[in-house]
Amino acid sequence: MGIEMNDRGPFDIPDIGPVVGSEFAEISVNVDSEANSTRLRLEDLRTGRVRYLDPLELETIIWLADGHLTELLDPSADRWRDRS
Amino acid sequence: MPTVINPDAVPKSLVSELIRPSQVHGSLYTDPAIFAEELTKIWFKTWVFVGHESEVPEPNDYVRKQMATQDVVMTRDRDGDIHLLINRCAHRGLQVCDDQKGNSSSFRCPYHGWTYRNSGELLGYPYNKGYGGKGRLELGMGKVPRVESYRGFVFGSMADDGPSLLEHLGAATGEIDRLAGLSPKGEVSLDAGWLPHKTRANWKFLAENETDGYHPQFVHGSIFGVTGSPIGALYSDASTAVTRALGNGHSENDLRPEFRKFAEPMRWFGTTPERVPNYVAAMREAYGEDAERRMIEGAPHVMIFPNLFIAEIQVFNIQPNAANECISYATAVQLRGGAELNRRMISQSIGSVGPAGMLLADDTEMYERNQQGVSMLDPEWLDVRRGLVRETTDEDGFTIGAATDETGMRGFWKQYRALMEA
Ligand code: FES
Ligand SMILES: [Fe+2]
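Residues numbered from 1 in each chain as written. Chains lettered and ligands numbered in written order. Predicted model: local features only at pLDDT ≥ 70, side-chain atom pairs only at ≥ 80, totals over all residues. Heavy atoms only, no water.

**Concerning the sheet that holds strand E1 (residues 19-20) of chain B**
Within a sheet, each strand pairs with its neighbour through backbone hydrogen bonds, oriented either parallel or antiparallel.
Residue and element names in this part refer to chain B.
Thought 1: Pairing within the open sheet is antiparallel, and its 3 strands lie in the order E1-E2-E23. Single-partner strands in this sheet number two, and they are E1 and strand E23 (381-383).
Thought 2: Taken together, the 3 bridges between strand E2 (residues 23-25) and E23 define a ladder with antiparallel strand orientation. When the sheet's bridge partners are listed, His25 is paired in E23 with Trp381. (Pairing = 2+ DSSP bridges. Helix = DSSP H or I, 4+ residues; strand = E, 2+ residues; numbered from the N terminus.)

Structure, rendered in structure tokens:
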């Protein structure tokens with residue numbers, strides 16, 4: 001996957017779109033219009049997992065208390081859990 | 001019963017016999033055991049310059065830094081507080097943060113996914129049943145215990161207690177103030193990028209040289225000649241400039257007497273008010289009558305013990321790797337509200353201390369030859385007596401010598417010895 005330098009900057013990758021990335025995560029961020037109204041399509045480029053967020057969900061994230069968001073960052077919270 | 005003082009109980013430093021009032025021994029620069037002692041007694045104890053708040057302007061910004069042999073991440077948390085995290089995972093010791101800079105509220109170790117807040121606390125870890133469930137571990141990233149800044153200059157101390165940063169800086173605060181006072185907004189930023197310059201020499205050669213006014217005419221003769229710079233004359237026998245030991249190992253070449261003599265604004269920068277009209281107007285607007293004095297006297301040339309050198313238009317951060325190697329990081333000073341001057345300071349810095357910069361190359365050549373030389377056996381001592389015959393005390397009680405005297409070096413060694421023998 002080559003990164004092309006264009007006017008939109010090195011984070012805009014052909015066929016993938018804008019990427020918000022750091023050494024800790026790489027997420028492609030696109031607006032999807034396949035459904036009845038537009039929504040955000042987020043793809044974890046490391047695992048390929050996709051999540052769509054509708055405007056109300058996005059608003060919720062924006063209003064989420066920092067403490068609440070921080071809890072979700074715990075790797076055991078949702079992602080790597082013991083499911084024995 | 002009378003207290004018997006056992007002289008053997010007093011911890012003795014390896015360096016005690018190696019520093020004399022006018023001489024220092026060559027092994028101070030070559031002995032790995034002395035370097036190890038310096039790490040514990042100086043670099044992991046006193047206040048060390050790390051970076052500048054302007055390098056992490058936004059919440060959750062971070063940059064990697066070096067504190068002697070330690071890999072440190074300077075972070076700004078979401079509340080705006082600055083932290084210095086030791087870049088080591090509390091689980092199995094991995095380096096948690098790999099990028100040189102970025103923006104992240106938390107750091108996740110690549111080995112087993114342990115996740116830390118950007119203030120160092122452990123947020124969580126995968127498969128927590130192995131530890132008895134969530135929240136059972138009180139392990140965080142290591143932190144530099146004391147972090148303080150002065151006018152945006154961030155310093156860290158690895159010791160839990162000791163003198164405050166202000167006590168350590170002492171009179172050197174006045175020099176940092178003087179630099180900030182050349183900004184129409186009273187603020188410096190150091191966000192133009194740092195150029196690391198690996199030098200095969202002991203860190204003390206750099207620290208001593210920074211206020212050595214004896215060498216410029218010789219070492220930098222070629223660049224002064226090519227550029228027609230008037231700087232050479234500031235460091236001559238005829239100069240009215242002085243070298244001042246500011247206490248606590250700090251020292252300066254105070255060039256103000258020379259600049260006051262000419263009383264020309266911007267001469268210190270080698271330019272005239274007409275060529276930087278917007279800057280001059282902004283200074284007059286900000287400081288009124290006092291603007292002229294500031295623009296005549298110019299920026300400080302000060303070495304702040306052990307590793308921060310403000311060289312008028314550049315700032316250097318010296319960090320040791322080993323007895324015979326250090327890294328000198330250089331960046332151009334940027335004055336808030338001084339766009340016109342900032343552009344010039346960047347291009348002048350590229351010319352003097354950039355990858356092909358002449359000043360830095362000149363000095364580095366001397367440091368590395370110096371390092372080679374001190375491994376030779378005879379004579380064993382280096383001489384630092386220059387100016388002892390004419391040293392005086394100024395009205396503030398500081399020791400001063402002439403522009404070319406080794407007053408700064410002697411001040412450096414006094415502080416060095418005090419810390420090593422403490
Ligand atoms: S070493 Fe960092 S998570 Fe194991
Ligand atoms: Fe020099």
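**Topic: the interface of chain B and chain A**
Thought 1: In this assembly, 23 residues from chain B lie in contact with 14 residues from chain A.
Thought 2: Note on chain B versus chain A: buried area summed over both sides is about 1600 Å², and carbon and sulfur give 50% of it.
Thought 3: Among the residues of chain B in contact with chain A, Arg108, Tyr127 and Lys129 of chain B are the three that bury the most area, contributing 35% of the side total.
Thought 4: Our count for the contact surface shared by chain B and chain A stands at 2 salt bridges.
Thought 5: The salt bridge involving Lys134 of chain B is made with Asp74 of chain A; its shortest N-O contact spans 2.6 Å.
Thought 6: Along the contact surface separating chain B from chain A lie 8 residue pairs in polar contact (both at pLDDT 80 or more).
Thought 7: Of all the secondary structure elements, the ones that give two or more residues to the side of chain B that touches chain A are strand E8 (106-108), strand E9 (115-117) and strand E10 (122-124) of chain B.
Thought 8: The biggest single contributor to the side of chain B that touches chain A is E8 of chain B, with 3 residues. (Contact = heavy atoms within 4.5 Å. Buried area = accessible area lost by both parts, 1.4 Å probe. Salt bridge = Lys/Arg side-chain N within 4 Å of Asp/Glu carboxyl O. Polar contact = N/O pair within 3.5 Å; in protein donor to acceptor, adjacent residues only side chain to side chain.)

**Some details on the coordination of the iron ion (ligand 2)**
Thought 1: Those protein atoms acting as donors to the iron ion (ligand 2) are His215 of chain B (NE2), His220 of chain B (NE2), Asp363 of chain B (OD) and Asp363 of chain B (OD), and they sit at 2.1 to 2.5 Å.
Thought 2: Around the iron ion (ligand 2) sit 4 donor atoms; with metal-centred angles ranging over 56 to 146 degrees, the donor geometry is irregular. (Donors = N, O, S within 2.8 Å, 3.2 Å for Na, K, Ca; no water. Tetrahedral: all angles 85-135°; square planar, octahedral: opposite > 155°, others 65-115°.)

Remember, this is a structural readout, not a statement about activity or role.
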